[in-house]
Amino acid sequence: METPVLGFEPRCPHLFNTNSRPSSSLPASTLSVRTLTAATVVKSPATVVVVAEAPRTKPHSKSFLTRKSAISEIEQSPDFLSSLQRLSRVLKVQDLNVILRDFGISGRWQDLIQLFDWMQQHGKVSDSTYSSCIKFVGAKSVSKALEIYQSIPDESTKTNVYICNSILSCLVKNGKLDSCINLFDQMKRDGLKPDVVTYNTLLAGFIKVKNGFPKAMELVGELPHNGIKMDGVMYGTVLAICASNGRCEEAESFVQQMKDEGHSPNMYHYSSLLNSYSWKGDYKKADELMTEMKSVGLVPNKVMMTTLLKVYIKGGLFERSRELLSELESAGYAENEMPYCMLMDGLSKTGKLEEAMTIFDDMKAKGVKSDGYANSIMIAALCRSKRFEEAKQLARDSETTYEKCDLVMLNTMLCAYCRAGEMESVMRMMKKMDEQAVSPDYNTFHILIKYFIKEKLHLLAYQTLLDMHSKGHRLEEELCSSLIYHLGKIRAHSEAFSVYNMLRYSKRTICKDLHEKILHILIHGKLFKDAYVVVKDNAKVISQPTLKRFCKAFMVSGNINLVNDVLKVLHGSGHKIDQVQFEIAISRYISQPDKKELLLQLLQWMPGQGYVVDSSTRNLILKQSHLFGRQLIAEILSKHHIVSRTMVVRSRSEPKFSRGQRGK
DNA sequence: TTAGGGTTAG
């Protein structure tokens, strides 16, 4: 039989309909269309479509056969570049594209890049070269795919809808949704006319994103404006977004809309709707849905029944959940641990630890295949019930039984060891994470820092917090506050201040008490300049006794150049400055005559704010007035005297005028 | 002549 490469697609276009996606559903041996006389295409698990090859209308031309054999020669050549050089005259751009896609499908990454470079150098590229190349390259390296896209010389090619869809899809698949949206906006400005595929590509990015629902709806709202109607694929995407955001009413309404538009929901559409009911455990609606689905002839599959189990568990129907689990077992749908895990987790989270353990033991007795999830769930459940010894024991078992652990499992075991106080095991887990190149997440850091604090390894806790912060994780106030307290206790004042700052600059509001707490620590550590910064920014939420303590400490030992600033800030915040603080400040100035200007500034500032020097300070100043200019000092002190007299008169006429309030 | 999606667990 001849091998119809070039002539195949036009005659059997449905084989290449992207909706059926044959390549990913077929085993490798049937991947090559060249070997097919009748192709069997799996359209969905339920439907098998057999496509008979159409009879030839005319024999292939000589040039066609030459190109065809050149393509297979290059694909099969151990040194494809030299074959390419030799045969390049024969080949058209679309033939090179065929080879490029063949390299992509069979994972010949280096060859694909080399071929693409060659095609560029020889000016043999078309739009589909870019869209295919970006698709395959993007599966391995987003940056390389972007590089290819940016290198497109022609501006109009850059807004070709296939090429745009290809690069946008590559960004979405790599979790770069924000860059994807930005690029999309840029493309629109440059003239892209997005189509249904473009919008669906973007929408797919919102499925697993927290709070993706409103943004997805915004995109859906743009569709009519662009003359685009939703198709079955897009309904599938949108329903998945609704389900993963718990929007069951919206999911219902989209299903209704798709029915109204003449689309029949398939198993995936129904599964998403069912999943949306699991958020609230709405088993009534779930049961109704199952009935409807069966009535249209769809047979619930494994995923559907597992999702139904999830609804029952969330709804607290544990008896029916156990029955459904038995049904899953009889149907052969419980050969792995997932449904058991769901039930165990649901039970343990509603305080039914013993029942969860029964399921766990049953599962083990039945020899159900496990990858360690079940153990992990039970370790977490035991920790929640503060049964740390059992949790630790199970963690040990897991370590010996399962070689591969994911981050959640590692965190769960780490937590069990921390709570049981097993330092050696904690270190072993950390080493394991390192070896397996699993990067710690927020939970890992949180568990470790809490543990280090408990073990009084406060500096280690501090180092870990720095690490956590530098990795961009949000910091929890309670944990930071506790660490600040302990660092203060061990006189690690500047470390405490650094924790305070990390928290302060990463959060909009922090608890008022924390400012006061850090202020005490800074005063204690004689870090007056830092203390001044805290006071300056937060004086209004700091108690008067603490401000008083700060003022006193600063006057005695703070930087002399900041003394006036400190007094002004304290006064400006409504704090009444004690007479004795002025006395201390002024004696310091007098002992340092080079600070003459500062003394004069202070003395001039005081009367305007209702402060005057007391008689002993006045005498002290007069004694040294030759250093500061006798005439000037006399003028300033007479102002103090006038003010002090009016204050005396006032306090007599307003007997209720109390300390701490100042008349204006 | 190229581009898109969807269901379950910790």
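- Looking at an unreviewed UniProt entry, one finds chain A named PROP1-like PPR domain-containing protein, with Brassica carinata as its source organism.

**Considering the protein's contact with DNA strand B**
- Around DNA strand B lies a shell of 47 residues, among which Asn165, Asn266, Lys310, Asp406 and Met409 are the nearest.
- The sugar-phosphate backbone supplies 42% of the atoms of DNA strand B found within 4 Å of the protein.
- Contacts to DNA strand B include lysine 310, whose side-chain N or O atom sits 2.6 Å from a phosphate oxygen.
- Aspartate 406 has a polar side-chain atom sitting 2.5 Å from a base nitrogen of DNA strand B.

**Regarding the packing of helix H12 (residues 212-222) against helix H13 (residues 232-244)**
- At a closest axis distance of 10 Å, the pairing of H12 and H13 adopts a crossing angle of 155°. Classified by the angle between their axes, H12 and H13 sit roughly antiparallel to one another. Crossing of H12 against H13: the hand is left-handed. Residues Phe213, Ala216, Met217 and Val220 of H12 lie in contact with H13, whose contacting residues are Val238, Ile241 and Cys242.
- Grouping the amino acids of the contact of H12 with H13 by side-chain chemistry returns seven nonpolar, no polar and no charged.

**Some remarks on the UniProt feature "repeat: PPR" (unreviewed entry) in chain A**
- In this structure's numbering, the residues bearing the UniProt feature "repeat: PPR" (unreviewed entry) are residues 160-194, 195-230, 231-265, 266-300, 336-370 and 406-440.
- Strand forms 0% of residues 266-300 and helix 71%; the C-alpha atoms that close the span are 11 Å apart.
- Between the end C-alpha atoms of residues 406-440 there is a gap of 11 Å, over a span that is 77% helix and 0% strand.

**A short note on the pattern of salt bridges**
- Taken as a whole, this structure holds 26 salt bridges when the rule is applied.
- Lysine 366 is the salt-bridge partner of glutamate 329, the closest N and O atoms lying 3.0 Å from each other. Here lysine 366 lies in the loop between helix H20 (353-365) and helix H21 (373-384) and glutamate 329 lies in helix H18 (residues 318-330), a separation of 37 residues in the sequence.
- Relative accessible area serves as the criterion here: at 27%, glutamate 329 is assigned to the partly exposed category.
- Where lysine 392 meets glutamate 422, a salt bridge forms, and the shortest distance between an N and an O atom there is 3.5 Å. In this pair, lysine 392 sits in helix H22 (residues 388-401) while glutamate 422 sits in the loop between helix H23 (407-420) and helix H24 (423-435), placing the two residues 30 residues apart along the sequence.
- Judged by relative accessible area, lysine 392 falls into the buried class, the value being 9%.
- Among the charged side chains, a network of salt bridges with common partners joins Glu389, Lys392, Arg396 and Glu422.

**Comments concerning a nonpolar patch on the surface**
- On the surface, Met427, Met430, Leu457 and Leu460 cluster together into a nonpolar patch covering about 280 Å² of accessible area.
- Position of leucine 460 relative to the elements: it lies in helix H26 (residues 458-470).
- On the accessibility criterion, leucine 460 (36% relative accessible area) is partly exposed.

**Considerations on the side chain of histidine 575**
- Looking at the element boundaries, histidine 575 is found in the loop between helix H32 (563-572) and helix H33 (579-591).
- Judged by relative accessible area, histidine 575 falls into the buried class, the value being 4%.
- Among the polar contacts made by the side chain of histidine 575, one reaches the side chain of glutamine 544 at a distance of 2.4 Å.

**Quick word on the state of the cysteines**
- Following the criterion strictly, the structure yields zero disulfides and no others.
- Its sulfur unpaired, cysteine 180 is 9.2 Å from the next cysteine sulfur, which belongs to cysteine 170.

**Some thoughts on the side chain of glutamate 477**
- Its location among the elements puts glutamate 477 in helix H27 (residues 477-489).
- Not counting residues up to four positions away in its chain, the partners in contact with glutamate 477 are Leu503, Lys507, Thr509, Ile510, Cys511 and Leu514.

**Some thoughts on the confidence of the model for chain A**
- The predicted model of chain A averages 87 in pLDDT, with 89% of residues at 70 or higher.
- In the model, residues 1-56 has pLDDT below 50 throughout and makes 66 contacts with residues more than four positions away in sequence or in other chains.
- The low-confidence segment residues 655-664, where pLDDT is below 50, has twelve contacts with residues more than four positions distant or belonging to other chains.

**Some thoughts on empty space enclosed by the protein**
- Following the criterion strictly, the structure yields one cavity of 30 Å³ or more and no others.
- Here the largest cavity is characterised by a volume of approximately 60 Å³.
- What lines the largest cavity is Gly372, Asn375, Ser376, Ile379, Ser398, Tyr402, Lys404, Cys405, Met409 and Met413.
- Those elements that place two or more of their residues in the lining of the largest cavity are H21 and H23.

**Let's talk about the packing of aromatic side chains**
- Going through the model one piece at a time under the given rule, you end up with ten aromatic pairs.
- Aromatic pair phenylalanine 528 and phenylalanine 554: ring centres 6.2 Å apart, planes at 75°, arrangement edge-to-face. Of this pair, phenylalanine 528 sits in helix H30 (residues 528-538) while phenylalanine 554 sits in helix H31 (residues 544-557); the two residues are 26 residues apart in sequence, bridging distant segments of the chain.
- The buried category is assigned to phenylalanine 528, whose relative accessible area is 8%.
- The exposure class assigned to phenylalanine 554 is buried, which follows from its relative accessible area of 0%.
- Between the aromatic rings of phenylalanine 582 and tyrosine 611, the centroid separation amounts to 4.9 Å while the plane-to-plane angle is 55°, which identifies the pairing as tilted. Linking phenylalanine 582 in helix H33 with tyrosine 611 in the loop between helix H34 (596-608) and helix H35 (615-623), this pair joins segments that are 29 residues apart in sequence.
- Given a relative accessible area of 1%, phenylalanine 582 falls into the buried group.

**Some details on unusual backbone geometry**
- Even without being a glycine, alanine 437 presents a positive backbone phi close to 55°.
- Examined against the element boundaries, alanine 437 turns out to sit in the loop between H24 and helix H25 (442-454).
- The residue arginine 491 is not glycine, and still its phi comes out positive at about 65°.
- You can see arginine 491 is positioned in the loop between H27 and helix H28 (493-504).
- With relative accessibility at 53%, the residue arginine 491 sits in the exposed group.

**Things to note about a negative patch on the surface**
- Where like charges cluster on the molecular surface, the negative patch consists of Asp127, Asp154, Glu155 and Asp190.
- Checked against the element boundaries, glutamate 155 lands in the loop between helix H8 (142-150) and helix H9 (161-173).

**A closer look at helix H6 (residues 109-121)**
- Across its 13 residues, H6 extends 18 Å between first and last C-alpha, which sits within 8% of the 18 Å expected from 1.5 Å per residue.
- Taken as a whole, H6 has its buried residues at Asp111, Leu112, Ile113, Leu115, Phe116, Trp118 and Met119.
- Summarising the contacts, the buried residues of H6 are in contact with helix H4 (80-87), helix H5 (93-105), helix H7 (127-138) and H8.
- Just downstream of H6 lies glycine 123, where phi reads positive at about 60°.

The rules behind the values
Residues numbered from 1 in each chain as written. Chains lettered and ligands numbered in written order. Predicted model: local features only at pLDDT ≥ 70, side-chain atom pairs only at ≥ 80, totals over all residues. Heavy atoms only, no water. Near = heavy atom within 4 Å. Polar contact = N/O pair within 3.5 Å; in protein donor to acceptor, adjacent residues only side chain to side chain. Axes fitted to C-alpha atoms, helices over the stretch in contact; angles between N-to-C directions. Helix = DSSP H or I, 4+ residues; strand = E, 2+ residues; numbered from the N terminus. Parallel < 35°, antiparallel > 145°, perpendicular 65-115°, else oblique. Left-handed = near helix turned anticlockwise from the far one by under 90°. Contact = heavy atoms within 4.5 Å. Nonpolar A, V, L, I, M, F, W, Y, C, P; charged D, E, K, R; others polar. UniProt positions renumbered as here; feature names shortened; annotations may be inferred. Salt bridge = Lys/Arg side-chain N within 4 Å of Asp/Glu carboxyl O. Buried < 20%, exposed > 50% of the residue type's maximum accessible area, 1.4 Å probe, protein only. Patch = residues over 30% accessible without salt bridge, like charges linked within 9 Å, V, L, I, M, F, W, Y side chains within 5 Å. Areas by Shrake-Rupley, 256 points an atom, 1.4 Å probe, with all protein chains shown as cover. Disulfide = S-S within 2.5 Å. pLDDT = per-residue confidence, 0-100. 1 Å grid on protein atoms, 1.4 Å probe; cavity = no way out; pocket = protein on both sides within 12 Å on 5 of 7 lines; lining within 4 Å. Points joined across faces, edges and corners; volume = space filled by probe spheres on them. Phe/Tyr/Trp six-rings, centres within 6.5 Å; stacked < 30°, edge-to-face > 60°. Lys, Arg positive; Asp, Glu negative; His and termini not counted. Charge placed at Lys NZ, Arg CZ, Asp CG, Glu CD. Expected span 1.5 Å × (residues − 1).

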